[in-house]
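# Residue-level structure breakdown
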Amino acid sequence: MNEETRLATVVQTDAGWVGIARTERGLRHCVHSQRTRAEALRSLGEGWTVVEPDADPLLQRAADLVRAHFAGRRVAFYLPLDLSGLPSFTQRVLLAC
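Residues numbered from 1 in each chain as written. Predicted model: local features only at pLDDT ≥ 70, side-chain atom pairs only at ≥ 80, totals over all residues. Heavy atoms only, no water.

### Re the packing of aromatic side chains
If you walk through the whole model with that rule in mind, you get zero aromatic pairs. Here the guanidinium or amino end of Arg6 rests over the ring plane of Trp48, the centre of that ring lying 3.8 Å away. (Phe/Tyr/Trp six-rings, centres within 6.5 Å; stacked < 30°, edge-to-face > 60°. Lys NZ or Arg CZ within 6 Å of the ring centre and 35° of its normal.)

See below:
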């Protein structure tokens, strides 16, 4: 995968459809509680190559964690993130959390 690659997937959970997107650096975008798969895809925005969750190890892991979370299980989201599109202050706050 090169730096320009942008992959996304959608998964159904107990709370609705969740869209998850990643870049080469890590997870970049997540939208949740959409009523339909199409709404989750639209909410992610354009420019993503949509794949099945099992087509990419990071998307698969994120999908598994999201499903577990919305099923009421306690999970730890230790996944690489791509915060590069956010203002530097926001990045610092998120990293501190």
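### Observations concerning the sheet that holds strand 1 (residues 7-13)
The four strands are arranged 3-2-1-4 in an open sheet whose pairing can be described as mixed. The open sheet has two edge strands, strand 3 (27-34) and strand 4 (49-50), and neither has a second partner. Bridge count for strand 1 against strand 2 (residues 16-22) is seven bridges, and the pairing is antiparallel. Within strand 2, the residue paired with Val10 across the bridge is Gly19. Against the sheet, helix 1 (residues 37-44) contacts strand 1, strand 2, strand 3 and strand 4, and its axis sits at roughly 145 degrees relative to strand 3. (Pairing = 2+ DSSP bridges. Helix = DSSP H or I, 4+ residues; strand = E, 2+ residues; numbered from the N terminus. Contact = heavy atoms within 4.5 Å. Axes fitted to C-alpha atoms, helices over the stretch in contact; angles between N-to-C directions.)

### Focus on unusual backbone geometry
Positive phi is not limited to glycine here, since Ser33 has a value of about 60 degrees. Checked against the element boundaries, Ser33 lands in strand 3. Here Ser33 falls in the partly exposed class, since its relative accessible area comes to 39%. (Buried < 20%, exposed > 50% of the residue type's maximum accessible area, 1.4 Å probe, protein only.)

### Thoughts on the environment of Arg67
Residue placement: Arg67 occurs in helix 2 (residues 57-70). The spatial distance from the C-alpha of Arg67 to the C-alpha of Trp17 is 9.9 Å, given a sequence separation of 50 residues. Beyond its immediate chain neighbours, meaning those up to four positions away, Arg67 contacts Val11, Gln12, Thr13, Pro53 and Gln60.

### Some thoughts on the pairing of strand 2
Within strand 2, seven of the seven residues are buried, which leaves the element mostly enclosed by the surrounding structure. Hairpin geometry of strand 1 and strand 2 is characterised by an intervening segment of two residues between the two adjacent antiparallel strands. Where strand 2 and strand 3 come together, five bridges link them in antiparallel fashion. The residue bridging Gly19 from the neighbouring strand is Val31, located in strand 3. Hairpin remark: strand 2 followed by strand 3, antiparallel, with four residues in the connecting loop; positive phi at Gly26, about 155 degrees.

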